[in-house]
Amino acid sequence: MPLDVQEGSVEAGLDALDTPVNAPEGSRVRRIAARVLPPVGAIVVLVAIWQALWAAAFWPEFKLPSPAAVWGQIWQLVTSGDILELFWVSVHRAVIGFAISLLIAVPLGLAIANIRVVRRGIGPLVSGLQSLPSVAWVPAAILWFGLNDRAIYWVVLLGAVPSIANGLVSGLDQVPPILPRVGKALGAGRFGGIRYILLPAALPGFLGGLKQGWAFSWRSLMAAELIATSPELGEGLGQFLHNGMSLSDISMVFAGIVLIFVVGVGIELLVFRPLENSVLRARGLTSSAH
Amino acid sequence: MTAIVDAPPDQLTPVRFHQVGKAFGSGRKAVVALDGVDLEVGAGEFVCLLGASGCGKTTLLNLVAGLDRPTSGRIELNSSRPAVVFQEAALMPWLTAAGNVELPLRMAGVPKAQRRAKAAELLELVRLAGLGDKRPHELSGGMRQRVALARALASTTDSADAGKPSLLLMDEPFSALDAITRDVLQGELLRIWRATGTAILFVTHDVREAVRLGQRVVLLSSRPGRVVQEWDVDDAPDAVDEINTALRKVISSHAA
């Protein structure tokens, strides 16, 4: 070995060789196209099949509306501006319900994860509640609170709280045991350990729980709105769907389903997906072929 | 803990074991991991703890680090908080390299500007200056382990312990690395040891590593872990062969 190798240069060379190399990403347009085209294509195929079935007239018009008729319903809502009220009534309920669920579920999840008695006592109960469809609470909620917003929020809470709490618990359970140990060796006390190590380490699992919690609260809200209809409650998407059924207007029913779907998926795509992606990417948990 | 208050700091022994024993479980099913261990690490001394699997090396380190308590005997600790480097780097994946080094300072309530400066200084020490913004997954295994070393060193800088000798505990820190990286990092560790003057208690199962790094090598037996023999490596040229023979003897005693 030549003696003129500089001190530290072997190490620098190793660092250069060993550092993980990220494959260069394609152009921005191409990446977006690769993401957007497949789902758009799938929707186009579905609508085409629907159109073909409708054209073949297997079912009478009052059972299967044409895509054009459903689009007409939606377009009418858009041009009359009614769609804003439908969205506002439902989405603001869902957001408020979700926010209250969050306030209840986080302390609950922390208690279940950290206190053994609580885990044994109410852990199974909370997991069990998750598999109980929250629609089941609608009759009780109406009897307790009457036909008002409180009944609706009650149903949403029972849908969302268990899944958010469970998400937090499983996030905390999946923290590699070495991390709290390292934290302790670095001088973390009980609360420092929770604040600086456990909570950030549990974040990916917790975000998964939030996403599921949102899906559950949206679902529960629609079920509640669909069953609990009253003029005092204002008209949300669930009531719109209910009205479609009362009027035997199948294209209105389909339009209601499409709109509920669009809001549920839209919020997931606009809020939760980017949040989750940024957290996972920062930790190197995403594969590049995403 | 009874520190010898009168002795000047440079003569304080960072850690001293008095007949330390550790058993897991109780009654007849108890597993004795350590039994009657007497050991001391002098200020600025580099001691390698050598043993086969099940010799309680890691247990012993955990006792010094305060992650576990001895069941008998006592450990006299006169150092500032021991810095610990584990076999895995175990960096916090949500923090950058610099963020990881700053973490112990943040938990100790050190102001931000001071934290920044200290982290930059320590990253410089492990030759990672300028890479503070990288995330753990963007670093190689060797680089991660160096960040872990810098982070451990940051955890000892506690103003309340000023004047006490520092102590670095390392639990097979290089065993998961490839041969070249290990070789380079061993050299780096020696450089850092000389630069900082910290005492090091280094656990390994690799005789060559122990002899290359340590001033003193302590061989532990397995189940229960007891101190079998010690060598001052500096004045024993055939140390590797001699220690290898002793280690083989310890291992083959378990063959039956």
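Throughout, a residue's number is its position along its own chain's written sequence, starting from 1. Note on labels: chains are lettered from A, ligands numbered from 1, in written order. Under the rules for a predicted model, residues below a pLDDT of 70 receive no local features and side-chain atom pairs below 80 are neither given nor counted, while totals for whole chains, interfaces and linings still include all residues. Side-chain figures throughout are based on the complete set of non-hydrogen atoms in the structure, without hydrogens or water.

Chemist: Help me understand the overall build of chain A, please; the structure alone is not making it clear to me.
Modeler: Where helices and strands are cited, they refer to DSSP runs of H or I of at least four residues and of E of at least two residues respectively, numbered from the N terminus. The helix and strand tally for chain A stands at eleven helices and zero strands. Only C-alpha atoms enter the radius of gyration; for comparison, a globular chain is expected to reach 2.2 Å times N to the power 0.38, where N is the number of residues. Relative to the globule expectation of 19 Å for 290 residues, the C-alpha radius of gyration of chain A, 25 Å, shows a markedly less compact shape. Here the C-alpha coordinates of chain A stretch approximately 90 × 50 × 30 Å along the principal axes. Evaluated residue by residue, chain A yields a buried proportion of 37% over its 290 residues. Accessible area for chain A stands at about 16,600 Å²; split by element, carbon and sulfur atoms hold 69% of it. By the counting scheme adopted, Arg and Lys are positive, Glu and Asp are negative, and His together with the chain ends is not counted. Here the site of a charge means atom NZ of a Lys, CZ of an Arg, CG of an Asp or CD of a Glu. If the 19 positive side-chain charges of chain A are averaged to one point and the 17 negative ones to another, these points end up 9 Å apart. Burial classification: accessible surface area is computed with a 1.4 Å probe over protein chains only, and a residue below 20% of its type maximum counts as buried, one above 50% as exposed, and the rest as partly exposed. What sets the accessible areas is the Shrake-Rupley method with a 1.4 Å probe; for residues, cover comes only from the shown protein chains.

Chemist: Sorry if this is basic, but what is going on with the sheet that holds strand β4 (residues 72-77) of chain B here?
Modeler: Sheet strands associate in pairs through backbone hydrogen bonding, adopting either a parallel or an antiparallel arrangement. Residues and elements named next belong to chain B. Any two strands with at least two DSSP-identified bridges between them are counted as paired. One open sheet accounts for three strands, arranged β2-β1-β4; its pairing is antiparallel. Two strands close off the open sheet at either side, each with one partner strand: β2 (31-41) and β4. On average, adjacent strands in this sheet sit at an angle of 20° to one another, irrespective of strand direction. For this analysis, residues touch if any pair of their heavy atoms sits within 4.5 Å. Here an axis means a line fitted to C-alpha atoms, over the contact stretch when the element is a helix, while the angle between two N-to-C directions is reported on a 0 to 180 degree scale. Strands β1 (15-24), β2 and β4 of the sheet are contacted by helix α1 (residues 57-65), whose axis makes an angle of about 120° with β1.

Chemist: Got a minute to help me understand the interface of chain A and chain B in this structure?
Modeler: Where interface size is given, it is often the accessible area lost as the parts come together that is meant. In this assembly, 28 residues from chain A lie in contact with 35 residues from chain B. A combined buried area of about 2,800 Å² lies between chain A and chain B, and 64% of that area is made up of carbon and sulfur atoms. Sorting the residues of chain A by area buried against chain B places Glu11(A), Leu186(A) and Tyr196(A) first, and these three jointly supply 25% of that buried surface. Any carboxyl oxygen of Asp or Glu within 4 Å of a side-chain nitrogen of Lys or Arg constitutes a salt bridge here. Viewed at the interface, chain B and chain A are joined by zero salt bridges. For this analysis, a polar contact is any N or O atom pair within 3.5 Å, provided that within protein one partner can donate a hydrogen and the other can accept it, and provided that sequence-adjacent residues contribute only side-chain to side-chain pairs. Here chain A is connected to chain B by two residue pairs in polar contact (both at pLDDT 80 or more). At the level of secondary structure, the elements contributing two or more residues to the side of chain A that touches chain B comprise α1 (9-18), α8 (178-185), α9 (190-227) and α11 (250-282) of chain A. Ranked by residue count, the leading element in the side of chain A that touches chain B is α8(A), at seven residues. Side-chain classes follow a simple rule in which Ala, Val, Leu, Ile, Met, Phe, Trp, Tyr, Cys and Pro form the nonpolar group, Asp, Glu, Lys and Arg form the charged group, and the remainder, Gly included, forms the polar group. Here the side of chain A that touches chain B is composed, by residue class, of 14 nonpolar, six polar and eight charged. Summed over both partners, the accessible surface that disappears when two parts come together, traced with a 1.4 Å probe, is what is meant by buried area.

Chemist: Please clarify how the packing of helix α4 (residues 82-114) of chain A against helix α10 (residues 237-246) of chain A should be interpreted in this entry.
Modeler: In a pair of packed helices, the angle between the axes and the distance between the axes together describe the arrangement. Residue and element names in this part refer to chain A. Packing of α4 against α10 brings their axes to within 8 Å, and their N-to-C directions diverge by 125°. Taken together, the axes of α4 and α10 are oblique relative to one another. Every residue of α10 that contacts α4 at Leu 86, Phe 87, Ser 90 and Arg 93 is listed here: Leu 237, Gly 238, Gln 239 and Phe 240. For classification purposes, angles smaller than 35 degrees are called roughly parallel, those larger than 145 roughly antiparallel, those between 65 and 115 roughly perpendicular, and all remaining angles oblique.

Chemist: Can you walk me through the pattern of salt bridges in this structure?
Modeler: Two side chains of opposite charge can pair, provided their charged atoms sit close to one another. Summed over the entire model, instances satisfying the criterion amount to 17 salt bridges over all chains. Two residues, Arg212(B) and Asp183(B), come together in a salt bridge whose shortest N-O distance is 2.8 Å. One end of the pair, Arg212(B), is in helix α6 (residues 207-213); the other, Asp183(B), is in helix α5 (residues 179-196), and 29 residues separate them in sequence. Look at Asp183(B) and you get partly exposed, because its relative accessible area is 41%. Each of Lys211(A), Glu268(A), Arg273(A) and Glu276(A) takes part in one network of salt bridges that share partners.

Chemist: For this particular structure, what's the right way to read the pairing of strand β6 (residues 167-171) of chain B?
Modeler: Two faces make up the sheet, and in a regular strand the side chains alternate between them. Residues and elements named next belong to chain B. Most of β6 is tucked away: five of the five residues are buried. Side chains of β6 alternate between two faces, with Leu 167, Leu 169 and Asp 171 and Leu 168 and Met 170 buried alike. The pairing of strand β5 (residues 83-85) with β6 spans three bridges and is parallel. Across the sheet, Val 84 pairs through a bridge with Leu 169, a residue of β6. Here five bridges tie β6 to strand β7 (residues 199-204), and the two strands are oriented parallel to one another. Counted as the bridge partner of Leu 168 is Ile 200 from β7.

Chemist: How should I be thinking about the sheet that holds strand β8 (residues 216-220) of chain B in this particular structure?
Modeler: Residues and elements named next belong to chain B. Ordered by their spatial adjacency, six strands build an open sheet running β5-β6-β7-β3-β8-β9, and the pairing between neighbours is mixed. Only two strands of the sheet have a single partner each, and these edge strands are β5 and β9 (227-232). Strand-to-strand twist across the sheet, computed as the mean angle between neighbouring axes with direction ignored, equals 15°.

Chemist: Honestly, the environment of Val135(A) in this entry has me stumped. Any pointers?
Modeler: The topology assignment puts Val135(A) in the loop between α5 (116-131) and α6 (138-145). When residues no more than four places from it in sequence are discounted, the contact partners of Val135(A) are Ala223(A) and Ile227(A).

Chemist: Help me understand the packing of α5(A) against helix α7 (residues 149-173) of chain A, please; the structure alone is not making it clear to me.
Modeler: Residue and element names in this part refer to chain A. Relative to each other, α5 and α7 sit at 125°, their axes nearing to 8 Å. Between α5 and α7, the interaxial angle falls into the category oblique. As for the relative orientation of α5 and α7, their crossing is left-handed in sense. In this structure, α5 contributes Arg 119, Val 126, Ser 127, Leu 129 and Gln 130 to the contact, and α7 contributes Leu 158, Pro 162, Ser 163, Ala 165, Asn 166, Val 169 and Asp 173. In the contact of α5 with α7, the residues fall into six nonpolar, four polar and two charged. Handedness of a crossing is defined here by the sense of rotation of the near helix relative to the far one, left-handed for an anticlockwise turn of less than a right angle and right-handed for a clockwise turn.

Chemist: Looking at this structure, I do not really get a nonpolar patch on the surface. What am I missing?
Modeler: All names here are of chain A. In this analysis, a patch consists of residues with relative accessible area above 30% that form no salt bridge, clustered at 9 Å for like charges and at 5 Å for the nonpolar side chains Val, Leu, Ile, Met, Phe, Trp and Tyr. On the surface, a nonpolar cluster with roughly 620 Å² of combined accessible area is contributed by Val 258, Phe 261, Val 262, Val 265, Leu 269, Leu 270 and Val 271. Residue placement: Leu 270 occurs in helix α11. For Leu 270, a relative accessible area of 70% gives the class exposed.

Chemist: Before we go on, may I ask you to explain the side chain of Glu225(A) in this structure?
Modeler: Residues and elements named next belong to chain A. Residue position: Glu 225 is located in helix α9. Overall, the relative accessible area of 0% leaves Glu 225 in the buried class. A distance of 3.3 Å separates a polar atom in the side chain of Glu 225 from the backbone nitrogen of Leu 237. Apart from the residues lying within four places of it in its own chain, the contact partners of Glu 225 are Val 89, Ser 90, Arg 93, Ile 152, Gly 236, Leu 237, Gly 238 and Gln 239.

Chemist: In this structure, what is going on with the pairing of β2(B)? I would like to understand it.
Modeler: Sheet topology note: the β1(B)/β2(B) ladder contains seven bridges and is antiparallel. Bridged to Phe24(B) within β2(B) is Val31(B).

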